[in-house]
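One-letter residues, chain by chain:
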Amino acid sequence: MGPQVGEGPPSASVRLVVRPEPNLLSTVRLVVATAGRRAGLDDEMVEDLKVAVSEICATAIRDTGGAGGNGDKDAEACIEVDLFDDRGRFGVEIRDRCAPDERALRDPFGSADDRDFGLALVASLVDELDAADRPGGGFVTRFWLAPQGRQDGSGPTS
Amino acid sequence: MDLDLKVRKEGDHAILTVGGEVDVYTAPKLREKLIQLVSDGSYNLVVDLENVDFLDSTGLGVLVGGLKRVRNHDGSLQLVCTQEKILKIFRITGLTKVFPIHGSIEDAMAGSAR
């Protein structure tokens, strides 16, 4: 198992910083899919990766109102997606700045049930989905995907 | 990638062909189209997902909403999909028990007639 959520990720091989705007989700999927293929994920796992990252980012976008932030808060409103290779497993950490009270209050795209539905879908696609509050507000969500034959970095076994 | 929606009528059926990616950004467009079809009196819908490259939970929610609307008029909503990556999303969420999913438009139209 890698570091726990909140302990800080291993060194990211790819870091994506995006404003919380719905029209940017397709770009996020494109980038993570390319990184996943380069890391050795097969086609099915790449699709799982795209769905998982997109759902988590969509949740953050819904919770920040989808306006992409404003004024001086633009930079801190951004969603950060880190992709890293940790002992043969492909890890993803997504950090947003949505305050917990905003999650309950702002809902321009869907209901709380929609969000739970999306995260339940993610949980069934990936390994070790975990989330934690972020100091200063927001959430850190992390999960893993293990390319076949590369679990724990041991490579294929005879 | 934007969402491409095309509608054609065949008998009592309205066939909605969906192309592109269905996510938080594009799903409202699909929702509006389904609402428009039902408002116009099309209660037997076939939604062709063969050209959909990506579908998330928002898109699933829109399809469930469409199903509820046609059922209010004793209608039906049949799906056409053979892509494993899309079918997987329906299976995981248990929606294969909610939506009739067919391999072709012809099968879907026959399915709604049963």
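This structure is a prediction, so every number in the text was calculated from the model and none was measured.

Basis of the calculations
- Residues numbered from 1 in each chain as written.
- Chains lettered and ligands numbered in written order.
- Predicted model: local features only at pLDDT ≥ 70, side-chain atom pairs only at ≥ 80, totals over all residues.
- Heavy atoms only, no water.
- Pairing = 2+ DSSP bridges.
- Helix = DSSP H or I, 4+ residues; strand = E, 2+ residues; numbered from the N terminus.
- Contact = heavy atoms within 4.5 Å.
- Core = buried A, V, L, I, M, F, W, Y, C linked by side-chain atoms within 4.5 Å.
- Buried < 20%, exposed > 50% of the residue type's maximum accessible area, 1.4 Å probe, protein only.
- pLDDT = per-residue confidence, 0-100.
- Polar contact = N/O pair within 3.5 Å; in protein donor to acceptor, adjacent residues only side chain to side chain.

**Student:** Quick one: what's the story with the sheet that holds strand S2 (residues 13-22) of chain B, residue by residue and with numbers?
**Tutor:** Strand pairing in a sheet takes place through backbone hydrogen bonds and is either antiparallel or parallel in direction. Residues and elements named next belong to chain B. Spatial strand order, S1-S2-S3-S4-S5: 5 strands in an open sheet with mixed pairing. Two strands close off the open sheet at either side, each with one partner strand: strand S1 (3-10) and strand S5 (101-102). Strand direction decides the pairing type here: strand S4 (residues 76-80) and S5, joined by 2 bridges, are parallel. Bridge pairing in S5 links Leu-79 to Ile-101.

**Student:** Break down the environment of Ile-92 of chain B for me, citing the residues and quoting the values.
**Tutor:** Summarising the element assignment, Ile-92 of chain B is placed in helix H3 (residues 84-92). Dropping the residues within four chain positions of it, Ile-92 of chain B is found in contact with Leu-121, Ser-124 and Leu-125 of chain A.

**Student:** Tell me what's going on with the nonpolar core, and back it up with residues and numbers.
**Tutor:** With 64 residues, the main nonpolar core has Val-53 and Val-81 of chain A together with Val-18, Leu-30 and Phe-90 of chain B as its most contacted residues. Among the elements that line this core, the one with the most residues is helix H2 (residues 43-63) of chain A, at 11 residues. The residues contacting Val-53 of chain A, other than those within four sequence positions of it, are Val-28, Val-32, Val-81, Val-92, Ile-94 and Phe-143 of chain A. Counting 6 residues, the second largest nonpolar core, distinct from the first, contains Ile-15, Val-46, Ala-108 and Met-109 of chain B.

**Student:** Quick rundown of the confidence of the model for chain B? Include the residues and the values.
**Tutor:** The predicted model of chain B averages 95 in pLDDT, with 97% of residues at 70 or higher. Per-residue pLDDT, averaged within each element of chain B, yields its smallest value for helix H4 (residues 105-113) of chain B (86) and its largest for strand S3 (residues 44-55) of chain B (98).

**Student:** Describe the side chain of Asp-56 of chain B, listing the residues and the values that go with them.
**Tutor:** By secondary structure assignment, the location of Asp-56 of chain B is in the loop between S3 and helix H2 (57-71). Residue Asp-56 of chain B is classed as buried on the basis of its relative accessible area, which comes to 0%. A polar contact is formed between the side chain of Asp-56 of chain B and the backbone nitrogen of Gly-59 of chain B, at a distance of 3.1 Å. In this structure, Asp-56 of chain B is in contact with Glu-55 of chain A together with Val-22, Asp-23 and Val-24 of chain B, ignoring residues within four places of it in sequence.

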